[in-house]
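The primary structure of each chain is shown beneath.
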Amino acid sequence: MSLSIAPSHQSEMRHAYYGGAPGALVSGLVWIAAAAVCHARGVEPAVWTLLIGGALIHPLGMAVAKLAGRPASTGKDNALNALAMASTVWLIVCCAMAYGLFLLKPALFFPAMMAVIGSRYLVLASVYGRRIFWGLGIALIVAANAALFVAMAPAIVAALGGAIELAVACLLFSKASKTGA
């Protein structure tokens, strides 16, 4: 299947999902929850917080978009639906691999997940047609590598991922409310 990205498809995605802001908001909150659980209960419950919370990002993001008056769905003819789904399958596979890293060395899980999520945002730059997702993706990937190489504590890594996503979510909400997309 070939993918032809039309600006109208990107515009429809931005409108339907409030510019991607709800997803970034929910994801950032899940990261913050994982950081809090990690601090209070340890790494293993925090890993499960991120994995289970991560599975809820899309439905919760859709609920936020609907609360904001957006449809939270696009037409079946929008070619970007296939790209979003393909990147979701890739994300799930990478989550399983990150969990495998956790089993080998727990401190690797959060940097690995941060790099995975950052990489997914690079795909979302095409889905939404917004360069800000390139910035978000690169910021998460750079932070993940820095956290790995300085052996940052897992709770701090999770908090850092959440802080980056929440900061960009605020920018996305602002942009979407101004442009209507």
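The structure displayed is predicted, hence computed values, not measured ones.

Caption draft 1: Summary view of the overall build of the protein chain. Counting secondary structure elements, the protein chain contains eight helices and zero strands. Along the protein chain, from the amino end to the carboxyl end, the secondary structure elements read α-α-α-α-α-α-α-α. A compact globule built from 181 residues should have a C-alpha radius of gyration of about 16 Å, and the protein chain, at 16 Å, falls within 12% of that. Dimensions of the protein chain along its principal axes, counting C-alpha atoms only, are 45 × 35 × 25 Å. When the 181 residues of the protein chain are sorted by exposure, 42% land in the buried category.

Caption draft 2: Fine view of the nonpolar core. In terms of nonpolar packing, the biggest core is built from 52 residues, with Trp31, Leu50, Phe109, Phe110, Met113 and Tyr121 touching the most fellow members. Looking at this core, the element that brings in the most residues is helix 6 (residues 109–128), giving 12 residues.

Caption draft 3: Region of interest: the packing of helix 6 against helix 7 (residues 132–149). Contact pair helix 6 / helix 7: the axes reach a minimum separation of 7 Å and the direction vectors enclose 165°. In terms of orientation, helix 6 and helix 7 fall into the roughly antiparallel class. At the point where helix 6 passes helix 7, the crossing takes the left-handed sense. Contacts between helix 6 and helix 7 involve Pro111, Met114, Ala115, Ile117, Gly118, Ser119, Tyr121, Leu122, Leu124, Ala125 and Tyr128 on the former and, on the latter, Phe133, Trp134, Leu136, Gly137, Ile138, Leu140, Ile141, Ala143, Ala144, Ala147 and Leu148. Counted by class, the contact of helix 6 with helix 7 contains 19 nonpolar, three polar and no charged residues.

Caption draft 4: Focus on the side chain of glutamate 165. Topologically, glutamate 165 is positioned in helix 8 (residues 154–179). Although buried, glutamate 165 forms no salt bridge, and the nearest oppositely charged side chain, arginine 120, lies 8.8 Å from it.

Caption draft 5: The packing of aromatic side chains, seen in detail. Taken as a whole, this structure holds eight aromatic pairs when the rule is applied. Considering the side-chain rings of tyrosine 99 and phenylalanine 102, the 5.6 Å spacing of their centres and the 35° angle between planes classify their relative orientation as tilted. Of this pair, tyrosine 99 and phenylalanine 102 both sit in helix 5 (residues 80–104), three residues apart, roughly one helical turn. On the basis of relative accessible area, phenylalanine 102 is assigned to the buried category, the value being 8%. For the ring pair tyrosine 121 and phenylalanine 133, a centre distance of 6.0 Å and an interplane angle of 15° mean the geometry is stacked. Of this pair, tyrosine 121 sits in helix 6 while phenylalanine 133 is found in helix 7, placing the two residues 12 residues apart along the sequence. Take tyrosine 121: its relative accessible area is 5%, and that puts it in the buried class. A relative accessible area of 1% means that phenylalanine 133 is categorised as buried. Taken together, the aromatic side chains of Trp31, Trp48, Tyr99, Phe102, Phe109 and Phe110 make up a single cluster linked through ring pairs.

Caption draft 6: Local environment of the environment of valine 30. Tracing the backbone through its elements, the reader meets valine 30 in helix 2 (residues 21–41). For the pair valine 30 and leucine 108, spaced 78 residues apart in sequence, the C-alpha separation works out to 18 Å. Residues contacting valine 30, with those up to four places away along its chain left out, are Thr49, Leu50, Gly53, Gly54 and Ile57.

Definitions and limits used
Each chain carries its own residue numbering, running from 1 in the written order of its sequence. Whole-chain, interface and lining totals are the exception, using all residues; otherwise, since this is a predicted model, local features are given only for residues with pLDDT of at least 70 and side-chain atom pairs are given and counted only at 80 or more. Derived side-chain values reflect all non-hydrogen atoms in the structure, with water molecules and hydrogen atoms excluded from consideration. In this description a helix means any DSSP run of H or I spanning at least four residues, a strand means any run of E spanning at least two, and both kinds are numbered starting from the N terminus. Radius of gyration here is computed from C-alpha atoms only, and the compact-globule reference equals 2.2 Å multiplied by the residue count raised to the power 0.38. Only protein chains enter the accessibility calculation, which uses a 1.4 Å probe. A residue is then buried if its area is under 20% of the maximum for its type, exposed if over 50%, and partly exposed in between. In plain words, nonpolar cores are sets of buried Ala, Val, Leu, Ile, Met, Phe, Trp, Tyr and Cys residues tied together by side-chain atoms within 4.5 Å. Structural elements are reduced to axes, namely lines fitted to C-alpha atoms, with helices fitted over the stretch in contact, and the angle between N-to-C directions of any two is expressed from 0 to 180 degrees. For this classification, under 35 degrees means roughly parallel, over 145 means roughly antiparallel, 65 to 115 means roughly perpendicular, and everything else is oblique. By the definition used in this description, the sense in which the near helix is turned from the far one sets the handedness, with an anticlockwise turn below a right angle giving left-handed and a clockwise turn giving right-handed. Contacts were defined at the residue level, with two residues in contact if any of their heavy atoms lie within 4.5 Å. Under this grouping Gly is polar, as are all residues other than the nonpolar Ala, Val, Leu, Ile, Met, Phe, Trp, Tyr, Cys and Pro and the charged Asp, Glu, Lys and Arg. In this tally, Lys and Arg are treated as positive and Asp and Glu as negative; His is ignored, and so are the chain termini. When a carboxyl oxygen of Asp or Glu lies within 4 Å of a side-chain nitrogen of Lys or Arg, that pair is called a salt bridge. The rule is short: rings of Phe, Tyr and Trp, with Trp giving its six-membered ring, pair when the centres are within 6.5 Å, and they are stacked under 30 degrees, edge-to-face over 60, tilted in between.

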